[in-house]
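# Analysis of the macromolecular model
Okay, here's what each chain looks like letter by letter:
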There are 2 protein chains.
Amino acid sequence: MPTAEEQHKTDSTNLLLFVALLLLTIFTIWIFKHKRVRFIHETGLAIVYGLIIGIILKYTSHPEAANTLNVNSTNATCQQESTCPGLQFSNPELRQVTFNPELFFNILLPPIIFHAGYSLKKRHFFRNIGSILTFAFVGTLVSAIVIAAICYGFVSAMMLYNVDPSFNFGFVDCLLFGAIVSATDPVTVLAVFKELKVDVNLDALLFGESVLNDAVAIILVKAIQTYQKAGSSEFDSAAFFSSLGEFIGVFLGSFAIGGTTAIITALIFKFTKLGQHPVLETSVFFLMSWSCFLLAEAVGFTGIVAVLFCGVLQAHYTYNNLSAESKIRTKQLFELLNFLAENFIFSYMGVSMFTFSHHHFNAIFIVGAFIALFVSRACNIYPLSFLLNLGRKHKIPFNIQHMMMFAGLRGAVAFALAIRETCYEEQQMIFTTTLLIVFVTVWVLGGGTTQMLTWLKIKVDVDPDAATAVGENLPHVNNGYQLCPSSPQLIVSSMLGMVCVSLYATLFPI
Amino acid sequence: MPTAEEQHKTDSTNLLLFVALLLLTIFTIWIFKHKRVRFIHETGLAIVYGLIIGIILKYTSHPEAANTLNVNSTNATCQQESTCPGLQFSNPELRQVTFNPELFFNILLPPIIFHAGYSLKKRHFFRNIGSILTFAFVGTLVSAIVIAAICYGFVSAMMLYNVDPSFNFGFVDCLLFGAIVSATDPVTVLAVFKELKVDVNLDALLFGESVLNDAVAIILVKAIQTYQKAGSSEFDSAAFFSSLGEFIGVFLGSFAIGGTTAIITALIFKFTKLGQHPVLETSVFFLMSWSCFLLAEAVGFTGIVAVLFCGVLQAHYTYNNLSAESKIRTKQLFELLNFLAENFIFSYMGVSMFTFSHHHFNAIFIVGAFIALFVSRACNIYPLSFLLNLGRKHKIPFNIQHMMMFAGLRGAVAFALAIRETCYEEQQMIFTTTLLIVFVTVWVLGGGTTQMLTWLKIKVDVDPDAATAVGENLPHVNNGYQLCPSSPQLIVSSMLGMVCVSLYATLFPI
């Protein structure tokens with residue numbers, strides 16, 4: 001048992017390691033930007049450096065000197081902590097450079113998600129809102145179910161040969177895995193898009209989908225875990241409907257909290273002269289946005305979803321009521337927080353590949369997962385695009401569909417969801433496989449973006465104001481889309497309606 | 001034992017409480033700024049709101065529902081944790097809304113201290129460097145010793161009447177208390193100065209003293225604690241010299257780490273074109289500054305001191321090599337972090353008055369402490385000013401001396417030092433008394449600043465560029481001060497010398 005002072009020194013050293021890792025990543029990014037290297041993105045790099053540091057740590061640290069970072073010692077997330085002895089990081093020699101998973105979920109993810117919402121290009125987002133909502137809601141559900149089905153097939157085949165009799169990976173576990181890896185995160189692709197000035201509507205479709213499907217995936221995972229805790233692995237219709245109810249309740253509740261917070265903030269800035277003191281203004285902005293996350297978590301909803309909608313609405317309403325200085329300040333602040341948090345998470349992923357001691361590699365499951373990933377993405381993009389094209393005036397052309405198919409990267413959200421529960425062998429297998437999926441998709445798909453754009457003959461260097469609809473620049477602008485004729489006003493009024501509904505849901509939880 | 005989910009909800013609620021408290025403080029500050037109220041500063045307000053919430057929490061929360069914030073559960077600072085059962089926050093009903101003291105020291109204090117260094121008005125600081133160093137080093141030592149002597153007198157008198165036979169408060173404890181409350185923090189006074197544009201040299205003297213004496217007090221406390229751990233409460237010359245050596249070693253080591261980090265950062269920005277990417281530049285700036293803190297803590301020096309000198313040198317060297325955008329970004333970022341951290345600490349002080357369950361109020365000691373505070377400040381300011389005036393061409397006039405005497409507020413650093421160790425009764429008594437001292441000085445002295453400036457006939461609305469020396473605007477400008485003829489160049493060269501010395505000390509620790 002190390003003394004408090006030794007503990008403190010180890011903690012500082014570990015944190016210093018990550019700071020150094022971030023610095024290293026930043027310098028390499030800078031050199032790459034300087035030399036216009038595009039085959040690897042900063043997040044891909046962060047993983048590579050993380051892996052290197054992870055290997056070094058694994059083979060140089062002494063078990064007796066190994067320690068955990070302070071934040072890990074209270075592993076509040078392992079619900080079955082007392083029933084899961086010796087697992088996870090509880091052995092001293094395993095407690096190497098590990099953080100509390102709550103840290104990812106509660107501290108590092110909110111700024112990333114808020115920034116995604118806050119930096120949304122409203123105009124193009126709302127123009128494509130119908131398609132985005134379809135891809136995000138229907139698409140994520142389809143993706144989760146297809147992945148679950150394919151993986152269940154592989155797991156069943158595995159069971160036939162009875163690899164490990166104690167190993168029990170049911171359909172609900174498969175569904176959980178499906179939900180976890182359905183959260184796409186094409187941060188690498190979007191960075192390339194931004195640099196090459198790709199068609200803004202493709203950008204809006206992908207970005208919008210990835211932002212909203214995080215919310216769907218998070219709540220889906222929550223609902224499945226509720227279902228798991230409620231009953232056996234057999235199908236239980238009561239638990240299923242309770243989970244379904246929770247899915248809807250949590251979504252509406254989180255949405256209401258995020259929306260209400262943003263509207264209150266906007267009203268405060270509109271009707272006071274707080275803008276005379278930019279520090280106060282920025283602080284209020286930051287604290288209000290954070291408080292919606294905390295409030296949602298405190299009442300049992302999902303903070304991430306609340307903070308996402310808060311970000312979208314802050315950008316829509318509050319931003320215009322900010323003083324000129326605070327407009328820049330808030331943008332820059334969240335840009336910085338997002339950058340640091342994102343690179344930290346990706347380096348940590350690399351490190352945890354080697355320092356997490358309960359990896360559970362299962363070749364059949366991993367192969368199955370990759371096949372499932374590919375098939376589910378295809379089942380998501382092509383049929384939905386076909387259906388959407390029936391209603392859209394400006395069709396989504398095939399090259400855009402292929403690009404969306406290609407851009408199914410997984411990232412921070414999938415990782416954070418997978419690391420939250422790693423007590424049981426099934427959860428560990430999910431974690432390991434998710435980690436591998438993130439690495440491969442970030443490197444391979446992220447690295448191939450520029451090449452793919454060329455192959456698919458997607459226009460680059462597009463002036464955002466000239467482009468109007470996905471794919472082609474047809475003359476019929478501003479007519480909206482028949483399937484979803486959603487103007488911002490319509491969205492807002494429907495949002496307010498949902499706020500009322502979900503306030504009701506908050507007061508009378510299901 | 002609450003489940004992980006309940007725990008998480010309680011944590012979120014507690015944190016939400018503090019965010020709400022900060023928002024409340026900000027709105028009140030804004031109203032006060034709007035109405036030009038100057039009798040109470042934001043930090044004073046934060047304490048008041050904290051106290052109110054503390055009372056509410058104390059009388060409304062149920063012991064069985066009471067929980068601690070996640071960060072507290074690993075109380076790594078209580079070195080004698082195993083030998084101090086049931087104390088501090090270890091009873092479930094006492095674990096209310098309490099944070100790990102390390103949080104204050106490692107997360108909240110660094111941005112405040114860095115900001116102090118970074119926002120230093122160099123010109124006026126270096127003009128008065130001789131006086132500032134004298135007040136900071138000699139003054140703080142004098143202050144700590146005088147406080148210790150007076151308190152020891154009171155404690156001895158108390159012992160005569162044998163209030164509690166088990167209670168053993170020795171001279172070293174008194175010295176520890178003296179060192180803790182010698183860290184002045186005239187944040188309230190300086191805010192008023194800034195608003196009223198008081199003589200810049202008075203401002204520089206007070207600000208410089210308060211910044212540097214934090215460093216001295218922190219290292220003094222560290223050295224005394226080393227001494228305490230080494231031996232008995234009797235005087236032990238070996239332990240004394242070891243502590244003295246540690247004091248010097250830690251100071252030089254921390255100084256070297258802070259200085260080296262700043263110089264490396266400056267060189268990076270000077271010789272690369274990182275400024276083309278402001279996010280990268282600001283990230284590097286932030287991470288480098290933080291890494292010096294972590295490095296210092298990891299090798300056993302004092303991160304706060306390292307980060308202070310890092311801030312001073314970053315402002316001196318790195319700032320001028322930053323891109324125009326990053327100049328503003330870094331200033332704004334640290335301004336915001338400082339504002340949030342400061343107000344958080346002061347609200348927490350208010351809350352902890354009622355939620356910390358091991359307060360040890362001792363009326364005699366408290367009265368003694370206040371007398372000691374007053375006497376020690378007088379023993380610090382007047383004799384040192386007299387000595388400095390022997391050498392200064394531009395004397396420090398009496399009204400400025402009185403103002404400095406008056407501005408002996410205590411704040412965040414004293415609190416953070418006191419809360420670090422609260423296992424034993426003596427430490428609890430120190431903590432309680434320090435808390436009261438902070439409250440009284442912030443409210444009474446902070447609130448009376450404007451009045452005191454009027455009484456002492458200190459000029460306000462002074463143009464910073466016109467004012468040259470303390471007190472009077474004499475014609476002999478730019479002659480420097482005979483006692484300490486320190487130009488910036490001289491300072492820098494001596495600093496570099498010290499860097500070499502302390503690198504030596506780092507490599508061969510005492």
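For clarity, every value in this text was computed on a predicted model and none was experimentally measured.

Thresholds applied
Residues numbered from 1 in each chain as written. Chains lettered and ligands numbered in written order. Predicted model: local features only at pLDDT ≥ 70, side-chain atom pairs only at ≥ 80, totals over all residues. Heavy atoms only, no water. Helix = DSSP H or I, 4+ residues; strand = E, 2+ residues; numbered from the N terminus. Buried < 20%, exposed > 50% of the residue type's maximum accessible area, 1.4 Å probe, protein only. Contact = heavy atoms within 4.5 Å. Areas by Shrake-Rupley, 256 points an atom, 1.4 Å probe, with all protein chains shown as cover. Least-squares fit on C-alpha atoms with pLDDT ≥ 70 in both. Buried area = accessible area lost by both parts, 1.4 Å probe. Salt bridge = Lys/Arg side-chain N within 4 Å of Asp/Glu carboxyl O. Polar contact = N/O pair within 3.5 Å; in protein donor to acceptor, adjacent residues only side chain to side chain. Axes fitted to C-alpha atoms, helices over the stretch in contact; angles between N-to-C directions. Parallel < 35°, antiparallel > 145°, perpendicular 65-115°, else oblique. Left-handed = near helix turned anticlockwise from the far one by under 90°. Nonpolar A, V, L, I, M, F, W, Y, C, P; charged D, E, K, R; others polar. Core = buried A, V, L, I, M, F, W, Y, C linked by side-chain atoms within 4.5 Å. Phe/Tyr/Trp six-rings, centres within 6.5 Å; stacked < 30°, edge-to-face > 60°. Lys NZ or Arg CZ within 6 Å of the ring centre and 35° of its normal. Expected span 1.5 Å × (residues − 1). Disulfide = S-S within 2.5 Å. pLDDT = per-residue confidence, 0-100. Patch = residues over 30% accessible without salt bridge, like charges linked within 9 Å, V, L, I, M, F, W, Y side chains within 5 Å.

### Structural notes on the overall build of chain A
- Secondary structure assignment for chain A yields 18 helices and zero strands.
- Taken across its 510 residues, chain A has 61% of its residues classed as buried.
- When contacts within chain A are restricted to residue pairs at least 6 apart in sequence, long-range pairs at least 24 apart make up 85% of them.
- When the accessible surface of chain A is totalled, it reaches about 19,800 Å², and 67% of it is carbon and sulfur.

### Notes on the relation of the copies chain B and chain A
- The transformation that overlays chain B on chain A combines an axial shift of 0.0 Å with a rotation of 180°, and the residual RMSD is 0.0 Å. Taken together, the rotation and translation describe the operation of a two-fold axis.

### Thoughts on the interface of chain B and chain A
- At the interface, 55 residues of chain B touch 55 residues of chain A.
- Summing both sides of the interface, chain B and chain A together bury roughly 5,200 Å²; the carbon and sulfur share of this comes to 74%.
- In this structure, the connection of chain B to chain A is made through two salt bridges.
- Between B:Arg329 and A:Glu335 there is a salt bridge, with the nearest N and O atoms lying 3.1 Å from each other.
- Run the count over chain B and chain A and you get six residue pairs in polar contact (both at pLDDT 80 or more).

### Quick notes on the packing of helix α8 (residues 200-230) of chain B against helix α11 (residues 303-321) of chain B
Residues and elements named next belong to chain B.
- At a closest axis distance of 9 Å, the pairing of α8 and α11 adopts a crossing angle of 155°. Taken together, the axes of α8 and α11 are roughly antiparallel relative to one another. When the axes of α8 and α11 are compared, the crossing they make is left-handed. Across the interface between the two elements, Val211, Leu212, Ala215, Ile218 and Ile219 from α8 touch Ile304, Val305, Leu308 and Phe309 from α11.
- Considering only residue class, the contact of α8 with α11 consists of nine nonpolar, no polar and no charged.

### Here we look at the nonpolar core
- Counting 312 residues, the largest nonpolar core has A:Leu109, A:Met403, B:Leu109 and B:Met403 as its most contacted members.
- Among residues more than four places away in sequence, those in contact with B:Met403 are B:Val189, B:Phe193, B:Leu202, B:Thr449, B:Met452, B:Leu453, B:Leu456 and B:Ile458.

### Details of the packing of aromatic side chains
- On inspection of all chains with the given rule, the structure shows 46 aromatic pairs over all chains.
- Aromatic side chains A:Phe356 and A:Phe431 sit 4.9 Å apart centroid to centroid with 70° between the ring planes, which places their arrangement in the edge-to-face category. In this pair, A:Phe356 sits in the loop between α12 (324-355) and α13 (363-391) while A:Phe431 sits in helix α16 (residues 425-447), placing the two residues 75 residues apart along the sequence.
- Overall, the relative accessible area of 1% leaves A:Phe431 in the buried class.
- On the basis of an interplanar angle of 65° and a centroid distance of 6.1 Å, the ring pair of B:Tyr348 and B:Phe415 is categorised as edge-to-face. Taken as a pair, B:Tyr348 in helix α12 (residues 324-355) and B:Phe415 in helix α15 (residues 412-419) lie far apart in primary sequence, 67 residues in all. For the pair shown, B:Tyr348 and B:Phe415 are each scored as buried.
- Aromatic rings pair up to connect A:Phe114, A:Tyr118, A:Phe285, A:Phe286, A:Trp290, A:Tyr319 and A:Phe334 into one cluster.
- For A:Lys331, the ring lying beneath its charged end belongs to A:Tyr118, and the centroid distance is 4.9 Å.
- One Lys or Arg, B:Lys327, reaches over the ring of B:Tyr319 and ends 5.4 Å from the middle of that ring.

### A look at α8(B)
- For α8(B), spanning 31 residues, the distance from its first C-alpha to its last is 45 Å, which sits close to the expected 45 Å at 1.5 Å a residue.
- Two or three places before B:Asn201, at the start of α8(B), stands the capping residue B:Asp199, its side-chain oxygen 2.7 Å from that residue's backbone nitrogen.

### Quick word on the environment of A:Thr226
- Mapped onto the elements, A:Thr226 comes out in helix α8 (residues 200-230).
- For A:Thr226 and A:Ile458, which are 232 residues apart along the polypeptide, the C-alpha to C-alpha distance reads 43 Å.

### Re the state of the cysteines
- Scanning the entire structure with this criterion turns up zero disulfides over all chains.
- Between A:Cys151, a free cysteine, and A:Cys174, which holds the nearest cysteine sulfur, the sulfur-to-sulfur gap is 5.7 Å.

### Notes on the pattern of salt bridges
- A complete count under the given rule lists six salt bridges over all chains for this structure.
- For the salt bridge of A:Glu209 with A:Arg377, the shortest nitrogen-to-oxygen distance reads 3.0 Å. Placement of the pair is A:Glu209 in helix α8 and A:Arg377 in helix α13, with a sequence separation of 168 residues. The residues A:Glu209 and A:Arg377 share a single accessibility class, namely buried.
- Overlapping salt bridges bring together A:Glu325, A:Arg329 and B:Glu335 as one network.

### So, the confidence of the model for chain A
Residue and element names in this part refer to chain A.
- With 80% of its residues at a pLDDT of at least 70, chain A reaches an overall mean of 78.
- Long-range and interchain partners of residues 467-494, a stretch whose pLDDT sits below 50, account for 53 contacts in this model, where long-range means more than four residues apart.
- Scored by ipTM, the complex comes to 0.79, with pTM at 0.81.

### Here's the deal with the side chain of B:Gln427
Residue and element names in this part refer to chain B.
- Examined against the element boundaries, Gln427 turns out to sit in helix α16 (residues 425-447).
- Of the residues examined, Gln427 reaches a relative accessible area of 13% and is grouped as buried.
- Excluding anything up to four places from it in sequence, Gln427 contacts Glu421 and Thr422.

### Looking at a nonpolar patch on the surface
- On the surface, a nonpolar cluster with roughly 380 Å² of combined accessible area is contributed by A:Phe240, A:Phe241, A:Leu244 and A:Ile248.
- For A:Leu244, a relative accessible area of 38% gives the class partly exposed.

### As for the side chain of B:Arg377
- Residue B:Arg377 is classed as buried on the basis of its relative accessible area, which comes to 4%.
- Apart from the residues within four sequence positions on either side, B:Arg377 is in contact with B:Thr184, B:Leu206, B:Glu209, B:Met404, B:Met405, B:Ala407 and B:Gly408.

### Things to note about unusual backbone geometry
All names here are of chain A.
- Despite not being glycine, Lys457 has its phi angle at roughly 55°, a positive value.
- Note on placement: Lys457 falls in the loop between α17 (449-455) and α18 (488-507).
- Judged by its relative accessible area of 71%, Lys457 is exposed.

### Quick word on the packing of helix α13 (residues 363-391) of chain B against helix α14 (residues 398-406) of chain B
Residue and element names in this part refer to chain B.
- Packing of α13 against α14 leaves a shortest axis separation of 9 Å and a crossing angle of 150°. In terms of their interaxial angle, α13 and α14 are classed as roughly antiparallel. Considering how the two elements wind past one another, α13 and α14 form a crossing that is right-handed. Between α13, through Phe374, Arg377, Ala378, Ile381, Tyr382, Ser385 and Asn389, and α14, the contact on the second element is made entirely by Gln401, His402, Met404 and Met405.
- Among the residues forming the contact of α13 with α14, the class breakdown is six nonpolar, four polar and one charged.

### Quick word on the environment of B:Ile52
Residues and elements named next belong to chain B.
- Mapping Ile52 onto the fold places it in helix α2 (residues 42-60).
- Classification of Ile52 as partly exposed rests on a relative accessible area of 41%.
- Sequence-wise, Ile52 and Met353 are 301 residues apart; in three dimensions their C-alpha atoms are separated by 10.0 Å.

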